[in-house]
Amino acid sequence: MRGLRRPRGSCPSTVQAARRLNRGTALLASSVLLDSSLEHYRGSFRNPLMFLPPAIAALTLGISAHGTADTRPLAHRARQVAFAAAALTGLAGTGLHVYNVLKRPGRLAWQNLFYGAPVGAPMAILLAGLLGVAAEEVRHTRPGRSPRVMGLPGGRLLALVSGAGLCGTAAEAALLHFRGAYHNPAMFAPVTIAPLSAALLLKSVCRTPHRPSRIARVWLRITVFLGFAGVGLHAYGVSRNMGGWRNWSQNLLSGPPLPAPPSFTGLALAGLAALGLLEDHPHA
């Protein structure tokens, strides 16, 4: 069939894991789409490259939805290309954001890290691309074999990527919440819950054989909820600005970013998919 590689078959568990990864990728892409559109609009899209992240994020969201609906044990070339483009966009965006910070007077000063281009933001679309590419590799696993990604055990690699992503996202939240002086105790939640979930996820990788722990699943599910709860808390933060939601056109730009917290949900879903692979394939 056009756009598909030659069938090699797959066991249902790997297709299910791939679809779970696609859901996590879709959430990450939707977060990037809304967040980059808002932030780059605030920057008046003065650099033409600022149009690229929202466009790539929209493509990634659409292609992830296609992968979520696809129950066939086949890697799709169009999805692979789109996910690879997302990963390259995230890598290039990280370099551009670092350059934006370093070109300012004072270079790596707190002021520049607080108010310059957010260094960690492009990593979300990079992670979305990597997880999407991994989903295609996992989906294309031969029956009776353990899933592998880039020649490495798939479950362990995905757990490492998801755990590292959760830690990186928590670090970005820690920086921005530090800028806000942690004036609300709820601001400590993402910088404590997400790293703990990541640690428990990575601990599952270190166990021999590589079997997921129940406590890791519980904390990852809490992190899934954390992403959605964060949207509500950020909406409350917007309402506390002068004029509240009546002045939404200004407060959405200056208040806490509404699209940012779902990144935790997307990465936690990817972590749960990794645990599912470790459960079905202990040596993956």
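A brief report on the enclosed structure follows. (Residues numbered from 1 in each chain as written. Predicted model: local features only at pLDDT ≥ 70, side-chain atom pairs only at ≥ 80, totals over all residues. Heavy atoms only, no water.)

1. Some thoughts on the packing of helix α5 (residues 123-139) against helix α6 (residues 154-179)
Part 1 of the argument: Two elements in contact, α5 and α6, have axes separated by 11 Å at closest approach and are oriented at 165°. Between α5 and α6, the interaxial angle falls into the category roughly antiparallel. By crossing handedness, the relation of α5 to α6 is classed as left-handed. Here Leu-127, Leu-131, Ala-134 and Val-138 of α5 come into contact with α6, specifically with Leu-158, Val-161, Ser-162 and Gly-165. (Axes fitted to C-alpha atoms, helices over the stretch in contact; angles between N-to-C directions. Helix = DSSP H or I, 4+ residues; strand = E, 2+ residues; numbered from the N terminus. Parallel < 35°, antiparallel > 145°, perpendicular 65-115°, else oblique. Left-handed = near helix turned anticlockwise from the far one by under 90°. Contact = heavy atoms within 4.5 Å.)

2. Brief notes about the state of the cysteines
Part 1 of the argument: Counted by the stated rule, this structure contains zero disulfides.
Part 2 of the argument: Looking at Cys-206, it has no disulfide partner, and the nearest cysteine sulfur is the one in Cys-167, 13 Å off.
Part 3 of the argument: Residue Cys-206 is classed as exposed on the basis of its relative accessible area, which comes to 65%. (Disulfide = S-S within 2.5 Å. Buried < 20%, exposed > 50% of the residue type's maximum accessible area, 1.4 Å probe, protein only.)

3. Quick notes on the environment of Leu-38
Part 1 of the argument: By the element assignment, Leu-38 lies in helix α1 (residues 12-42).
Part 2 of the argument: Between the alpha carbons of Leu-38 and Gly-163 there is a distance of 27 Å; along the sequence they are 125 residues apart.
Part 3 of the argument: Beyond its immediate chain neighbours, meaning those up to four positions away, Leu-38 contacts Leu-252 and Leu-253.

4. Quick word on the pattern of salt bridges
Part 1 of the argument: Counted under the stated rule, the structure contains five salt bridges.
Part 2 of the argument: Between Glu-39 and Arg-42 there is a salt bridge whose closest N-O contact spans 2.5 Å. Taken together, the residues span about one helical turn, with Glu-39 and Arg-42 both in helix α1 at a distance of three residues.
Part 3 of the argument: Note on Arg-42: relative accessible area 45%, which makes it partly exposed.
Part 4 of the argument: Linking Arg-217 and Glu-279 is a salt bridge whose minimum nitrogen-to-oxygen distance equals 2.6 Å. Here Glu-279 lies in helix α10 (residues 262-280) and Arg-217 lies in helix α8 (residues 214-239), a separation of 62 residues in the sequence.
Part 5 of the argument: With a relative accessible area of 17%, Arg-217 lands in the buried category.
Part 6 of the argument: On the accessibility criterion, Glu-279 (46% relative accessible area) is partly exposed. (Salt bridge = Lys/Arg side-chain N within 4 Å of Asp/Glu carboxyl O.)

5. Some points on the environment of Ala-229
Part 1 of the argument: If you trace the backbone, Ala-229 turns up in helix α8.
Part 2 of the argument: The spacing of Ala-229 and Thr-265 is 36 residues in sequence and 10.0 Å in space, taken between C-alpha atoms.

6. A closer look at the packing of aromatic side chains
Part 1 of the argument: With the rule as written, the count across this model stands at six aromatic pairs.
Part 2 of the argument: One aromatic cluster is present, built from ring pairs that chain together Trp-110, Phe-114, Tyr-115 and Phe-178. (Phe/Tyr/Trp six-rings, centres within 6.5 Å; stacked < 30°, edge-to-face > 60°.)

7. Some details on α6
An α-helix turns once every 3.6 residues. As a result, residues three or four positions apart point the same way.
Part 1 of the argument: Taking 1.5 Å per residue as the helical rise, α6 with its 26 residues ought to reach 38 Å, and the 38 Å between its terminal C-alpha atoms agrees with that figure.
Part 2 of the argument: Trailing α6 by a residue or two, Ala-181 shows a phi angle of about 60°, which is positive. (Expected span 1.5 Å × (residues − 1).)

8. Points about unusual backbone geometry
Part 1 of the argument: For Met-150, which is not a glycine, the phi torsion comes out positive at approximately 55°.
Part 2 of the argument: Residue placement: Met-150 occurs in the loop between β1 (148-149) and β2 (152-153).
Part 3 of the argument: Accessibility expressed as a relative area gives 69% for Met-150, which makes it exposed.
Part 4 of the argument: Despite not being glycine, Tyr-182 shows a phi value in the positive range, around 45°.

Note that all results are geometric; they support no functional claim without further evidence.
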